[in-house]
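The primary structure of each chain is shown beneath.
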Amino acid sequence: MSTPIKTLIITGMTDVHHDWRKTTPALKELLEGTGRFQVRVTEEFRGATAATLEPYDLVILNYYGRTDPWRNVPEERFGPVAEQALFDFVTRGKGLIAYHPTLAGGVGWEPEYERLLGGVMREDTSRRAPNNDFLLHTAEPHPITAGWPAEFPHYNDDLYVGLKWPEGVKKTVLLQGWDNPLRYTQVPSQWRSLPGMGEEHPVAWAVEYGEGRSVSIGIGHNVQAIGHPAFRALFPRSAEWAATGSVTIATPADLGEAVDGGDWWPTTLEPMVREMFNDWVAAGEPASQK
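Residues numbered from 1 in each chain as written. Predicted model: local features only at pLDDT ≥ 70, side-chain atom pairs only at ≥ 80, totals over all residues. Heavy atoms only, no water.

> Whenever I open this one, the pairing of strand 3 (residues 58–61) confuses me. Can you help?
Regular strands have side chains that alternate between both faces of the sheet. Residues Leu-58 and Ile-60 of strand 3 are buried on one face, and the alternating residues Val-59 and Leu-61, pointing to the opposite face, are buried as well. Where strand 1 (residues 5–10) and strand 3 come together, four bridges link them in parallel fashion. Each bridged residue has a counterpart across the sheet, and for Thr-7 the counterpart in strand 3 is Leu-58. Inspection of the sheet shows strand 3 paired to strand 4 (residues 95–99) by four bridges, in the parallel sense. The residue of strand 4 that forms the bridge with Leu-61 is Ala-98. The handedness of the strand 3 to strand 4 crossover, carried by helix 3 (residues 80–91), is right-handed. (Buried < 20%, exposed > 50% of the residue type's maximum accessible area, 1.4 Å probe, protein only. Helix = DSSP H or I, 4+ residues; strand = E, 2+ residues; numbered from the N terminus. Pairing = 2+ DSSP bridges. Right-handed = clockwise from strand over helix to strand, strands pointing away.)

Printed below as a string of structure tokens:
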């Protein structure tokens, strides 16, 4: 039997759109259900040190230090000692998962935090696309997504676009989603009205950081989304790779299957709209929109 991957979930605060009290148990259950992980949870990481993390192979961040994302107030930080302990933990060969709401955090923190995550949401560039159901596309080859179909549907979730990508990061894009212009407007002349409309955007990526590894995952908004096949496939395999550098957890057999009531937008309408959009671009979109 494989040695259990000792895992610590750091949580205790997220913004009002993300309920850490519900998502944390769901993440813990998903990992422990594989038989590969022993998971503990802390709701207070301030004051932590390197010794706090010493027993663990993997850290999962389900944390964003502002409950109200619209207020111009600083985030509640872990503190310089605890933050440095995280950087050193991964640098020395351990693993980290930055889960969904965590991507908005770290504003005004040390630049190393953004490099550890590999990509982050920022108010001046990023947004949540208005489509809840979309196709996910496998991007660059990686053990986490080995053997996966080229595309498969995902439902009831967030698609983050326009992320900030810090320089000097060695990352592999795992999955992408298409920012569907028709979800913003039905007027073709406005299909480029925001940067990134009609383009693919990374939703999960793997980072090599020192001797260790991190994976940032932009999907999994709530318990319902965590329960869908795409997330159930992605999250445990990402966690195993981050902790060990290899993947042995099998891909769930239902990856690519529709959920109850699903499949209208991602598998039927999205390909139709994408063809319309490509034809519009090929015909010569207005120069002012390029």
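> So what exactly am I meant to see when it comes to the pattern of salt bridges here?
Two side chains with opposite charge may pair up if their charged atoms get near one another. Under the criterion given, the structure shown has 15 salt bridges. Here Arg-232 ties to Asp-254 by a salt bridge, and the two come within 2.4 Å at their closest N and O atoms. Pair noted here: Arg-232 is in helix 6 (residues 229–244) and Asp-254 is in the loop between helix 6 and helix 7 (264–282), with a separation of 22 residues, a long-range link. Overall, Arg-232 belongs to the partly exposed group, its relative accessible area being 24%. (Salt bridge = Lys/Arg side-chain N within 4 Å of Asp/Glu carboxyl O.)

> Even after reading the chapter, I still don't get the layout of surface pockets, so can you show me in this structure?
Over the atoms rolls a probe the size of a water molecule, and in doing so it shows where empty space is left. One number sums up the size of the largest pocket: a volume of about 590 Å³. Contributing to the lining of the largest pocket are 25 residues, with Tyr-64, Pro-69, Ala-104, Met-121 and Glu-123 lying nearest its centre. (1 Å grid on protein atoms, 1.4 Å probe; cavity = no way out; pocket = protein on both sides within 12 Å on 5 of 7 lines; lining within 4 Å. Points joined across faces, edges and corners; volume = space filled by probe spheres on them.)

> What is the right way to look at the sheet that holds strand 10 (residues 200–209) in this model?
To summarise the sheet geometry, strands pair through backbone hydrogen bonds and adopt either a parallel or an antiparallel arrangement. Strand order in the open sheet made by the nine strands is 2-1-3-4-11-10-9-6-7, with mixed pairing throughout. Taken across any chain shown, the strands that pair with only one partner, and hence form the sheet edges, are strand 2 (37–42) and strand 7 (151–154). If you compare each strand with its neighbour and ignore which way they point, the axes differ by 20° on average. As paired strands, strand 1 and strand 2 are joined by six bridges and run parallel to one another. When the bridges of strand 2 are listed, Leu-8 appears paired with Arg-40. Docked against the sheet, helix 6 engages strand 1, strand 2, strand 3, strand 4, strand 6 (134–138), strand 7, strand 9 (170–178), strand 10 and strand 11 (212–217), running at close to 160° with respect to strand 11. (Axes fitted to C-alpha atoms, helices over the stretch in contact; angles between N-to-C directions. Contact = heavy atoms within 4.5 Å.)

> What is the right way to look at the nonpolar core in this model?
Counting residues in hydrophobic clusters, the biggest one holds 40 residues, and the most contacted among them are Leu-58, Ile-97, Leu-175, Val-215, Phe-231, Leu-234 and Phe-235. Take this core: its biggest share by element is nine residues, from helix 6. Filtering out sequence-adjacent residues up to four positions away, Ile-97 remains in contact with Leu-58, Val-59, Ile-60, Leu-61, Val-215, Ile-217, Phe-235, Ser-238, Ala-239 and Ala-242. Membership of the second largest hydrophobic core comes to 34 residues, among which are Phe-45, Val-90, Leu-96 and Trp-109. (Core = buried A, V, L, I, M, F, W, Y, C linked by side-chain atoms within 4.5 Å.)

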